[in-house]
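The primary structure of each chain is shown beneath.
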Amino acid sequence: QVQLVESGGGLVQAGGSLRLSCAASGRTFSNYAMGWFRQAPGKEREFVAAIGWSGGNTYYATAVKGRFTISRDNAKNTVYLQMNSLKPEDTAVYYCAAKMGWDHLTLDYVYDYWGQGTQVTVSS
């Protein structure tokens, strides 16, 4: 089992920045690729970004590429999502998730473990 706890969400004005954190415990964190997803009210959960076990590989959704940066610190069992130039359409609950392997990253159902989510609200 891997337990994931997100933090860092909040209310920010458009153009501002937030950094989300996801702390992991349980099985060896460095064995897992990590992903960030988000779900806005009335919409399906969507992929945001993913990072490989070593941090050397990253992948982003088109909507956030160039504005968001995913990173990880395996010594701290933590993955981060730095979000810059935030827009009102980024408003959602953000979830981190863990999976083995570096494939099908954008598909939420292939992830084995999920956090409880953290709310991000961007005001215009």
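Bear in mind that the values here come from a model prediction, so they are computed numbers and not experimental data.

Topic: the state of the cysteines
Okay, so step 1: One pass over the structure, following the stated rule, counts 1 disulfide.
Okay, so step 2: Disulfide partner of Cys22: Cys96, at an S-S distance of 1.9 Å. Every disulfide takes its handedness from the sign of the S-S torsion; for Cys22 and Cys96 that torsion is 50°, giving right-handed. Here Cys22 is found in strand 3 (residues 18-26), whereas its partner Cys96 is found in strand 9 (residues 92-99), with 74 residues between them in sequence. By the burial criterion, Cys22 is buried, and Cys96 matches it.

A closer look at the nonpolar core
Okay, so step 1: Core analysis: the largest hydrophobic core is formed by 37 residues, its most contacted members being Leu4, Met34, Trp36, Leu81, Met83 and Tyr94.
Okay, so step 2: Among all residues touching Leu81, those that are not within four sequence positions of it are Leu18, Arg19, Leu20, Trp36, Val48, Ala49, Phe68, Thr69, Ile70 and Tyr94.

Quick notes on the environment of Asp108
Okay, so step 1: If you trace the backbone, Asp108 turns up in the loop between strand 9 and strand 10 (113-114).
Okay, so step 2: Residue Asp108 is classed as partly exposed on the basis of its relative accessible area, which comes to 23%.
Okay, so step 3: Distance from Asp108 to Arg45, taken between C-alpha atoms, is 7.8 Å for residues 63 residues apart in sequence.
Okay, so step 4: Setting aside residues up to four positions removed in sequence, Asp108 forms contacts with Phe37, Arg45 and Trp114.
Okay, so step 5: Here the side chain of Asp108 touches Arg45 through a polar contact of 3.3 Å, side chain to side chain.

Observations regarding the sheet that holds strand 7 (residues 68-73)
Okay, so step 1: With respect to topology, 4 strands assemble into an open sheet ordered 1-3-8-7, the strand pairing being antiparallel. The open sheet has two edge strands with one neighbour each: strand 1 (2-7) and strand 7. On average, each strand axis in the sheet is inclined to that of its neighbour by 15°, with strand direction left out of account.
Okay, so step 2: By the bridge criterion, 6 bridges tie strand 1 to strand 3 in an arrangement that is antiparallel. In the strand pairing of strand 3, Val5 is matched with Ala23.

Focus on the environment of Thr62
Okay, so step 1: Relative to the helices and strands, Thr62 resides in the loop between strand 6 (58-60) and strand 7.
Okay, so step 2: Separated by 15 residues in sequence, Thr62 and Phe47 place their C-alpha atoms 9.9 Å apart.

As for the packing of aromatic side chains
Okay, so step 1: Evaluation of the coordinates by the stated rule reveals 7 aromatic pairs.
Okay, so step 2: Both rings, one in Phe37 and one in Phe47, keep their centres 5.7 Å apart while their planes meet at 75°; by these two values the pair is edge-to-face. Residue Phe37 is located in strand 4 (residues 33-39), and its partner Phe47 is located in strand 5 (residues 46-51); the two are separated by 10 residues in the primary sequence. There is no split in this pair, since Phe37 and Phe47 are both buried.
Okay, so step 3: Across from the ring centre of Trp114, 3.9 Å away, lies the NZ or CZ of Arg45, which sits over that ring.
Okay, so step 4: Directly above the aromatic system of Phe29 lies the positively charged group of Arg72, at a separation of 4.4 Å from the ring centroid.

What counts and how
- Residues take numbers from 1 onward in each chain, read along the sequence in its written order.
- It should be noted that, the model being predicted, local features are given only for residues of pLDDT at least 70 and side-chain atom pairs only at 80 or more, the latter also being counted only at that level, while totals for whole chains, interfaces and linings use all residues.
- Each side-chain value is derived from all of the structure's non-hydrogen atoms; neither hydrogens nor water enter the calculation.
- A pair of sulfur atoms, both from cysteines and within 2.5 Å, is called a disulfide here.
- Counting from the N terminus, the helices are DSSP H or I runs at least four residues long and the strands are E runs at least two residues long.
- Relative accessibility thresholds used throughout: buried, under 20% of the residue-type maximum; exposed, over 50%; partly exposed, between the two (1.4 Å probe, protein chains only).
- Think of a nonpolar core as a cluster: buried Ala, Val, Leu, Ile, Met, Phe, Trp, Tyr and Cys residues, connected wherever their side-chain atoms sit within 4.5 Å.
- In what follows, residue pairs with any heavy atoms lying within 4.5 Å of each other are defined as contacts.
- Pairs of N or O atoms within 3.5 Å make up the polar contacts considered here, provided that, within protein, one atom can donate a hydrogen while the other can accept it, and that residues adjacent in sequence are counted only when both atoms are side-chain atoms.
- For two strands to count as paired, DSSP must find a minimum of two bridges between them.
- An axis is simply a line fitted to the C-alpha atoms; with a helix, the fit covers only the stretch in contact. Between two such axes, the angle follows the N-to-C directions and lies from 0 to 180 degrees.
- Each pair of aromatic rings taken from Phe, Tyr and Trp, with Trp reduced to its six-membered ring, is defined by centres within 6.5 Å and is described as stacked if the planes are under 30 degrees apart, edge-to-face if over 60, and tilted in the remaining cases.
- Whether a charge sits over a ring depends on NZ of Lys or CZ of Arg being within 6 Å of the ring centre and within 35 degrees of the ring normal.

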